[in-house]
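Overview (structure and organization)
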Amino acid sequence: MFDVEYLRRQFPILETKIRDKYPLIYLDNAATTQKPFIVINSIVDYYTKYNANVHRGVHYLSGLATERFEQARDVVRAFINANSNDEIIFTRGTTESINLVAHSFCKTFLTKDDTVMLTQMEHHSNIVPWQIARDNFGFKLDYLTFDDNGELENVKEKILSVKPKLLSLCHISNTLGTVNNIKEIIDLCHSIDCYVLVDGAQSIAHKIIDVKDLQVDFFVFSGHKVYAPMGVGVLYGRKEILEKMDVYHGGGEMIKEVTMEKTIYNDLPYKFEAGTPSVADVIGLATALSWLKSNDLQAIIDYEDELLRYATEQLQNIDGIRIFGNAKHKSSCISFLADGIHHLDLGTLLDAMGVAIRTGHHCAEPVMQRFCIEGTDRVSIAAYTTKNDIDVFIDSLNKALKMLR
């Protein structure tokens, strides 16, 4: 049995009293997750015991920091079951990972006759980089649409018709909660020699990721979505692709030799890791992944799925609530609106009662445009979310609705 109360005690922020009165009910986990003591302590340990720049240093602290930094890469490789540490590139987050691929992959592999395909449910971070790359390199952009339930439609027909060179899509929509069938989509794309990038920002904490089984070309995620610090993320890419791709950032670490005439670039993974990395945050990421794995990720997934069903049922029992995203396979979040009430007003009143949710377009404006709305209220869960959290949220929601109607 998954013991959520034991797990909650490992998160100090969950003891917070909002305005010294209300217990914190934190339901904004799709935006960022809270951090357990073990992750916080790993960062403190780095800065108090072995703070130094990594690689090339001959002194003791640099050697120790380098060892822990590279051990972190091994932890990430094992967590997503990659073949090699060379395939694990540390970035600042999902956004930078996608920007890196959008620049370097497109510059290396695409021509003006090629097409990159996205979906209508993407986060802005998986739209804007491709638009910038399109403007720079001249290829075409196309996209998959979704139906009223939030499920991608006409996937096979559209992909086989357009024959894109690369498809970039989210594993789980940060707004609709839709879990896309990426395994099936990857197989389809590979049958026509189309590469696939999967945005795993929302799935890394809610699904077991096996890039080898998926045979995905690129998989990206952010640490802060998976109980790790902000400012660190991962780009997984198949080694044979990364080796061919042009560099992204220039500077230290990504070089073998520099003269005034030319630069010889470093081997993977350092080829794409220019500049001093955020060593403490990388170590924090590895600590978070190790901690999550030690708590039985499958048990957490099952618990979260049950909790999401419960929250959905409770919301559906309230008159005038409309849920956006009713796909057969959902995870982690629910977006909704109350008839006649602005999402910001509702979120503000809930905050006054100690309930933290997200309001707005969630960096997914095309989703809002699809439903002809400005934004939604969104609740999103994590491993430490409890049934009581949902009950307090529903009770507070009913009180807020009475005030606003």
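The preceding data block contains the structure.
Residues numbered from 1 in each chain as written. Predicted model: local features only at pLDDT ≥ 70, side-chain atom pairs only at ≥ 80, totals over all residues. Heavy atoms only, no water.

1. Re the sheet that holds strand β17 (residues 376-380)
Paired through backbone hydrogen bonds, the strands of a sheet run either parallel or antiparallel to each other. The four strands lie next to each other as β13-β14-β17-β16, forming an open sheet whose pairing is antiparallel. Two strands close off the open sheet at either side, each with one partner strand: β13 (321-324) and β16 (358-360). Here the average twist between neighbouring strands, direction ignored, is 30°. Packed onto the sheet, helix α11 (residues 297-316) meets β13 and β14 (333-338) and runs at close to 10° relative to β14. (Pairing = 2+ DSSP bridges. Helix = DSSP H or I, 4+ residues; strand = E, 2+ residues; numbered from the N terminus. Axes fitted to C-alpha atoms, helices over the stretch in contact; angles between N-to-C directions. Contact = heavy atoms within 4.5 Å.)

2. Concerning the packing of aromatic side chains
Counted under the stated rule, the structure contains 17 aromatic pairs. Between F324 and F371, the ring centres sit 5.1 Å apart and the planes meet at 65°, which makes this aromatic pair edge-to-face. Residue F324 is found in strand β13, and its partner F371 is found in helix α13 (residues 365-371); the two are separated by 47 residues along the sequence. For F324, a relative accessible area of 2% corresponds to the buried category. Of the residues examined, F371 reaches a relative accessible area of 10% and is grouped as buried. Put simply, the rings of F11, Y227, W291 and Y384 pair up and form one aromatic cluster. (Phe/Tyr/Trp six-rings, centres within 6.5 Å; stacked < 30°, edge-to-face > 60°. Buried < 20%, exposed > 50% of the residue type's maximum accessible area, 1.4 Å probe, protein only.)

3. Observations regarding helix α7 (residues 182-191)
Among the residues making up α7, those that are buried are I182, I185, I186, L188 and C189. Buried residues along α7 cover an arc of 165° about the axis, so they all sit on one side. Facing away from the buried side of α7 by more than 90 degrees, the exposed set consists of E184 and S191. Along its buried surface, α7 packs onto α6 (155-162), β7 (166-170), β8 (195-199) and α8 (211-214). Immediately beyond the C-terminal end of α7, within one or two residues, lies D193, with a positive phi of roughly 60°. (Arc of directions from axis to C-beta.)

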